Amino acid sequence: MEAANLSVASTGVALRLGPEAFSSSPNPSGVIGSTPGGAAPPGREPPFSVFSVLVVTLLVLLIAATFLWNLLVLVTILRVRAFHRVPHNLVASTAVSDVLVAALVMPLSLVSELSAGRRWLLGRSLCHVWISFDVMCCTASIWNVAAIALDRYWTITRHLQYTLRTRRRYTLRTRRRASMLMIALTWALSALIALAPLLFGWGEAYDARLQRCQVSQEPSYAVFSTCGAFYLPLGVVLFVYWKIYKAAKFRFGRRCRAVLPLPSTVQVKEDPQEAEMVFTARHPTVAFQTSGASWREQKEKRAAVMVGILIGVFVLCWIPFFLAELIGPLCACSLPPIWKSVFLWLGYSNSFFNPLIYTAFNKNYNNAFKNLFTKQR
């Protein structure tokens, strides 16, 4: 989310001073010095270290890569007609939220990181716009991951419960409606969480005296926003992936050895798409079907693995930030600014990993990328 709870009383963030921040001490003007004596000359800002320049460069590259990679996914989905269906509409919704994070949220957060004392110098109105987009886009990105996991779970369970004809009917109708409903609810809930402080007077994001811009620190809003933006979707994705694992284990495990009735002749059948062999014998009354997974099962396995990695990266990226966001306002305590910055940008990096994960496990995206660049040449 945004640069919430980051202290204005210190410029010891790694982006500002680098490693020297750990050994520096404040001077009367509130600027932390990095000189050997522990104090900076009055009225002078400490110079950027090599470490801080390297960190800023990496963050700029992260912003650019996040924007371009998600934009490439969006363009591919729009240009390739085969992607105009579920689950690619959920992927497109995720890419839209991540593009907005990279275009509107991360650059202003970097500007705030680079300002002395993390002061917000862009005014109250822009602060409210930034905070609103920060909360809304990051929340939408998180809930889109939950929607992708839900779609994968429903797909696997429907394959277990229904015939091929019913599956096709479900895929064309119910699945499309369910995905569109999830996308609408995702953005509606994200907008509600982001705009609640402005609509209902639930705390103030901008402090003119301290020149500070952050998410409302009202304890009740902290509980509402963190639960709605992270802990609730976290519970959903963990429960859903547990169900996916059980369903996939049942579906794939039962094909390892099946007992079938048998005709009176010896035959060997091979289905080129299913990539499996069925062996029968003349006299026995049963036959054993032993083969690898079918093409569809292999596809579902890859999708299940993709969802698992997507969820794992999502949890690792966001859980440190949201733990700090929830605990800070409730206990009136605060982490050191450097750790808040680390947790914040670790969460932002999830928008970079999302498109990498769900395109790496889908060969159709890789082929579409190649065709896109080949045609442009």
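It should be noted that the structure appears before, not after, this text.
These lines cover the structure that appears in this document, whether it is placed above or below. (Residues numbered from 1 in each chain as written. Predicted model: local features only at pLDDT ≥ 70, side-chain atom pairs only at ≥ 80, totals over all residues. Heavy atoms only, no water.)

### Focus on the environment of arginine 119
Here is step 1 of the chain: Along the chain, the position of arginine 119 falls in the loop between α3 (88-114) and α4 (124-161).
Here is step 2 of the chain: In the structure, arginine 119 is positioned 89 residues away from alanine 208 in sequence and 9.9 Å away in space, judged by C-alpha atoms. (Helix = DSSP H or I, 4+ residues; strand = E, 2+ residues; numbered from the N terminus.)

### As for a nonpolar patch on the surface
Here is step 1 of the chain: A contiguous nonpolar patch, built from Leu192, Leu195, Leu198, Leu199 and Phe200 and spanning about 490 Å² of accessible area, is present on the exposed surface.
Here is step 2 of the chain: For leucine 198, a relative accessible area of 47% corresponds to the partly exposed category. (Patch = residues over 30% accessible without salt bridge, like charges linked within 9 Å, V, L, I, M, F, W, Y side chains within 5 Å. Areas by Shrake-Rupley, 256 points an atom, 1.4 Å probe, with all protein chains shown as cover. Salt bridge = Lys/Arg side-chain N within 4 Å of Asp/Glu carboxyl O. Buried < 20%, exposed > 50% of the residue type's maximum accessible area, 1.4 Å probe, protein only.)

### Let's talk about the environment of serine 349
Here is step 1 of the chain: By the element assignment, serine 349 lies in the loop between α8 (337-348) and α9 (350-360).
Here is step 2 of the chain: Look at serine 349 and you get buried, because its relative accessible area is 8%.
Here is step 3 of the chain: Put simply, serine 349 and methionine 106 are 243 residues apart on the chain and 9.8 Å apart in space, counted from C-alpha to C-alpha.
Here is step 4 of the chain: Beyond its immediate stretch of four places on either side in the chain, serine 349 contacts Leu62 and Cys317.
Here is step 5 of the chain: Reaching out from serine 349, the side chain makes a polar contact with the backbone oxygen of leucine 346 at a distance of 2.5 Å. (Contact = heavy atoms within 4.5 Å. Polar contact = N/O pair within 3.5 Å; in protein donor to acceptor, adjacent residues only side chain to side chain.)

### Considering the pattern of salt bridges
Here is step 1 of the chain: Under the counting rule described, the total for this entry stands at three salt bridges.
Here is step 2 of the chain: Arginine 212 is paired through a salt bridge with aspartate 207; the nearest N and O atoms lie 3.7 Å apart.
Here is step 3 of the chain: Judged by relative accessible area, aspartate 207 falls into the partly exposed class, the value being 23%.

### Overview of the state of the cysteines
Here is step 1 of the chain: The final tally for this structure, using the stated rule, is one disulfide.
Here is step 2 of the chain: Bridging cysteine 127 to cysteine 213, the disulfide has an S-S length of 2.0 Å. Judged by the sign of its S-S torsion, about 100°, the cystine formed by cysteine 127 and cysteine 213 is right-handed. Linking cysteine 127 in helix α4 with cysteine 213 in strand β2 (residues 212-213), this pair joins segments that are 86 residues apart in sequence. Accessibility assignment for this pair places cysteine 127 and cysteine 213 in one class, buried. (Disulfide = S-S within 2.5 Å.)

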